[in-house]
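Below are the chains, spelled out letter by letter.
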Amino acid sequence: MLLYQLKIALTSLRRNPVITSLLIGGIALGICVSTTFIALRHVFEKDPLPGKSNTLFYVRLDNWDPQRAYVAEDPKSLPTMVTYRDMRELMKSNIPTRQTGTFRSRFFVHPDPKIGRPFAEDVRLVFSDFFTMFNVPFQYGGGWDKAADAKPEPVIVIDQNTNQKLFGGANSVGRTVRLEDRNYKVVGVLAPWNPPLRFYDPTQGLGPKVEPIYMPFNFTPILEIQTYGNSDGWKGNDGNGFQAFLNSDTCWLEYWVELPTPEKQQAFREYVNNYVIDQKKHGRFGRPLHTEVTSMPELTKELGVVPPQIRSLAIVSVLFLIVCSLNLIGLLLGKFIARIPEISVRRALGASRLQVFWQHIVECEVVGIAGGLIGLGISVGLLKMVAKVIPNGDVVHLDAEMIAVSIFLSLVAGLLAGIYPAWRVCSIPPAMQLKVQ
Amino acid sequence: MPFGPIIRAMRHNRMRFAFIILEIAITLAIVTNAVNMILDERKKMLQPSGFDDDNLVSIAYQPFAPEFKEQSYVEALVQKDMRAIHSIPGVKAVATTYFLPWQGGGSSGVWKTDRFNGKFQAQLYAARGEIFQTLGVKVTQGRAFVETDTPVDSNVPTRVTIISRALAKKLWGNANPIGHVITNGEGATPRTVIGIIDDFYNPYAWNIGEFVLFTPGRAYDTTGAVFLVRTEPGAMKSVVAQLEPRLLSVNPGRVFRIVKISDLKDQYFSGGKLVIRAMTAIIIILVFITALGIMGISSLAVAERTKQIGTRRALGATRADILKHFLLENWLVTTAGLILGVIGAYGLNVLLVSKLSDVKMQWELVAGGMVLLWINGLMSTVPAAMRATLVPPSIATRSV
């Protein structure tokens, strides 16, 4: 039956190619715009770690100026990062199953002089849990162990590009890389890893990419490694030098914990609060008690990592699609009404109302699918254009989920445009038309 | 012209008009909100920095050679570097500073003053050399920095500052700001305001884009330095080509990173440009599509009613009456759509406005959108209505 209806639909569509192409063009226009901006939003808003992001929590403490909130106009605001001393103390807890403090720095890589001049590269300082917590993919080797954290041992993890540059892409586990004036042993090489957002660093927005080199955090106090990320301070350091900076109230670290169960989440929240209450006795944390242990999805929402404009474009583009399909109603009505004599004959010859209705719906869905496929094709091109305009745009692409959404939308658009005209023509009584004829 | 017959005639095709009304309503909602977003982005883009953006380029170096571990070596080298940059033909001025216009941030601090009640936040940048000539801003009150403002010992804090007019206004109103003192926290060195620059804007969180303190200090240490270079108009390309070779000939033990401020600015506004382009395209296509839709519906309405039109003409209606009928019918539909659309426009605005971008819908925009769509609706009805006037009265006597 469906095949027969498809055949009639195609015949009918071929009969008036101008109207048919207008119909298909209308749907294609709506689909290409909506698919482009829904896909753009999807790339940046989709869960970076499905199934896991709800167990990863980001810790914030309000250690800001007692006289003035972090954002002066918003007394509930608190710093987006934590201090070195607080991270150190909080990491003594064994409630989280995994945890890491982390920040970004920059080092000089000294390759074999045969390969080239030294170059500066972003380096992320992390604890060994980092790699497991954030599902970092490895091509060779893996992260380091707790012993390497504690000592710290001179080990590093490098990404694929760096491995290509330094070792020609070979398995470099066990070989050494010179950073500044020290040698580090490669323990792991990353597989290609290009998440659209550096989701473990919520302070950086859309801009920068994941770092090419990772080394043990505990080198920080030894080598006096400075941050290349944000650092927020509200009072000077007590004294000079790096140790004074580490002891200061300057916030410059991201601190993540993994808390798989509600019990652990509850326990850790209490632990953090108790720590701050205890610190208050020592004259720190002059503001009202305020700590946040926020899950990754909530954090992304709260800090607005995705620009609000991308969300707005997605909403507007869906409304645009609705206008496109509403617009086709008039066209379809005209087309179907012109066919009333033919339908009357079919009805008089025994076609049921339902059959007539379905036949017209099928015709509209053929238009919907055709327009949808064309629109999908155009949106691939549009997304390429968008990718050129925005920073870090090379991650923008259509995935299977978005293609499915796009096809679903074109079916809905076809239905939205066709349901009323189809209902109108199927409710025409057969006899009346025959009489006039 | 009585509305009664028109409305009664429309009742026969209720659903059809309902769809058009809905379409016009959504169109108005989208168009007004899209224009609103475009205006908001444009406002941000048109905000001038006050600097000679197009002729500014930054060159930063990071050293790997061992001699850079000595601060005294770096001091001497930076002076040599500045002279080397200055000697490049087409260079107008050069300074060392960590300030980089249009990078969407920078450094800031919280300060106290002798007058201002409480604390305030402002951007803070150390600079040495001809910083204001380089940026292209004038010190309009007080004096610029001189070489002796920078203490010889890099551990000694500086005692003077030059601030932006906007900050001076915020702190001391219209009083003379020169000679006032700004400190950060107890025991910290107070800094005396010695000069004012009129123009300064660098987008920053906390809405402190116009508030800045420049201090005469070192934007370099043993880990590297940043130079900001201003070129003569048109000399950017040749200067950029010569920067790295010049500085490499002074000392090759370092790597460089060159960024044109115009590129930074482009990057900073990339999201805004995307919004403007996409929204402009959506508005144009949408108005066009809505026009097509109205044309379709009105020619259908005319085609269906050919016989009735003929009858009316035979009963004495003039061509003008027929034209009026269809135009009024469209006007009623459009107006109904627009009334619904006003609600939609404000509703969509609430949905789109987030905490971050606080762009309220202005009534002028809604009014403008309504006028646009009224005209659009009438123009789209004219062809079909004109066709209707051509229906001869004799058609009333024929059967279909």
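### A look at the overall build of chain B
Part 1 of the argument: The secondary structure content of chain B amounts to eleven helices and twelve strands.
Part 2 of the argument: Its C-alpha atoms give chain B a radius of gyration of 33 Å, more than 25% over the compact-globule value 21 Å for 400 residues.
Part 3 of the argument: Taking the principal axes of the C-alpha coordinates as reference, chain B spans close to 105 × 50 × 30 Å.
Part 4 of the argument: Buried residues in chain B amount to 39% of all 400 residues.

### Looking at the nonpolar core
Part 1 of the argument: Counting 94 residues, the largest nonpolar core has Phe320 of chain A together with Leu28, Ile30, Ala34 and Ile282 of chain B as the members making the most contacts within it.
Part 2 of the argument: Listed by contribution, the elements that provide at least two residues to this core are α2 (17-45), α11 (308-337), α13 (353-389) and α14 (400-426) of chain A together with α2 (14-46), α8 (270-304), α10 (319-352) and α11 (363-389) of chain B.
Part 3 of the argument: Element by element, the count of residues in this core is highest for α11 of chain A, at 15 residues.
Part 4 of the argument: Those residues within four positions of phenylalanine 320 of chain A in sequence are excluded, and the remaining contacts are Gly30, Val33 and Ser34 of chain A together with Ile30, Ile282 and Leu286 of chain B.
Part 5 of the argument: Val78, Ala84, Ala127 and Leu167 of chain B belong to the second-largest nonpolar core, a separate cluster that totals 59 residues.

### Some points on α11 of chain A
Part 1 of the argument: Counted at 1.5 Å a residue, the expected span for α11 of chain A with its 30 residues is 44 Å, and the 45 Å between its end C-alpha atoms agrees.
Part 2 of the argument: In terms of residue burial, α11 of chain A counts as a mostly covered element, since 22 of its 30 residues are buried.

### Examining the pairing of strand β2 (residues 91-97) of chain B
Residues and elements named next belong to chain B.
Part 1 of the argument: Burial runs high along β2: six of the seven residues are buried.
Part 2 of the argument: Sheet topology note: the β2/strand β11 (residues 224-231) ladder contains five bridges and is antiparallel. Bridge pairing in β11 links alanine 93 to arginine 230.

### Structural notes on the packing of α11 of chain A against α14 of chain A
Residue and element names in this part refer to chain A.
Part 1 of the argument: One can describe the packing of α11 onto α14 by two numbers: an axis separation of 8 Å at closest approach and a directional angle of 35°. Between α11 and α14 the crossing geometry is right-handed. Between α11 and α14, the residues in contact are Leu321, Cys324, Ser325, Leu328, Ile329, Leu332, Leu333 and Phe336 and Leu409, Ala413, Leu416, Ala417, Gly418, Tyr420, Pro421, Arg424 and Val425, respectively.
Part 2 of the argument: Along the lines of polarity and charge, the residues of the contact of α11 with α14 split into 14 nonpolar, two polar and one charged.

### A look at the environment of glutamine 160 of chain A
Residues and elements named next belong to chain A.
Part 1 of the argument: On the secondary structure map, glutamine 160 appears in helix α6 (residues 160-167).
Part 2 of the argument: Among the residues examined, glutamine 160 registers 18 C-beta atoms within 10 Å and is labelled partly exposed.
Part 3 of the argument: Discounting residues that sit within four places of it in the chain, glutamine 160 has contacts with Gln139, Val189, Leu190, Ala191 and Pro192.

### What to know about the domain arrangement of chain B
Part 1 of the argument: Here chain B is partitioned into domain 1 (3-46 + 270-397) and domain 2 (53-268).
Part 2 of the argument: Centre-to-centre, using C-alpha coordinates, domain 1 of chain B lies 55 Å away from domain 2 of chain B.

### Here's the deal with the domain arrangement of chain A
Residues and elements named next belong to chain A.
Part 1 of the argument: The domain boundaries assigned to chain A delineate domain 1 (2-47 + 307-436) and domain 2 (63-289).
Part 2 of the argument: Relative placement of domain 1 and domain 2: their C-alpha centres are 50 Å apart.
Part 3 of the argument: Of the residues lining the interface, six residues belong to domain 1; the matching set on domain 2 comes to six residues.
Part 4 of the argument: Across the side of domain 1 that touches domain 2, the residue classes tally to five nonpolar, one polar and no charged.

### A look at the interface of chain A and chain B
Part 1 of the argument: Chain A puts 42 residues into the contact, and the matching count from chain B is 45 residues.
Part 2 of the argument: Of all elements in the fold, only α2, β2 (98-110), β3 (119-126), α11 and α13 of chain A reach the threshold of two or more residues within the side of chain A that touches chain B.
Part 3 of the argument: In terms of residue count, the dominant contributor to the side of chain A that touches chain B is α11 of chain A (18 residues).
Part 4 of the argument: Among the residues forming the side of chain A that touches chain B, the class breakdown is 29 nonpolar, nine polar and four charged.

### So, helix α1 (residues 2-15) of chain A
Part 1 of the argument: Counted at 1.5 Å a residue, the expected span for α1 of chain A with its 14 residues is 20 Å, and the 20 Å between its end C-alpha atoms agrees.
Part 2 of the argument: Of all 14 residues in α1 of chain A, zero are buried, a share of ten percent or less.

Cut-offs and rules
Residues numbered from 1 in each chain as written. Chains lettered and ligands numbered in written order. Predicted model: local features only at pLDDT ≥ 70, side-chain atom pairs only at ≥ 80, totals over all residues. Helix = DSSP H or I, 4+ residues; strand = E, 2+ residues; numbered from the N terminus. Rg over C-alpha atoms; globule rule 2.2 N^0.38 Å. Buried ≥ 20, exposed ≤ 12 C-beta atoms within 10 Å, placed from the backbone. Core = buried A, V, L, I, M, F, W, Y, C linked by C-beta atoms within 7 Å. Contact = placed C-beta atoms within 7 Å. Expected span 1.5 Å × (residues − 1). Pairing = 2+ DSSP bridges. Axes fitted to C-alpha atoms, helices over the stretch in contact; angles between N-to-C directions. Left-handed = near helix turned anticlockwise from the far one by under 90°. Nonpolar A, V, L, I, M, F, W, Y, C, P; charged D, E, K, R; others polar. Domains from an automatic or database assignment.

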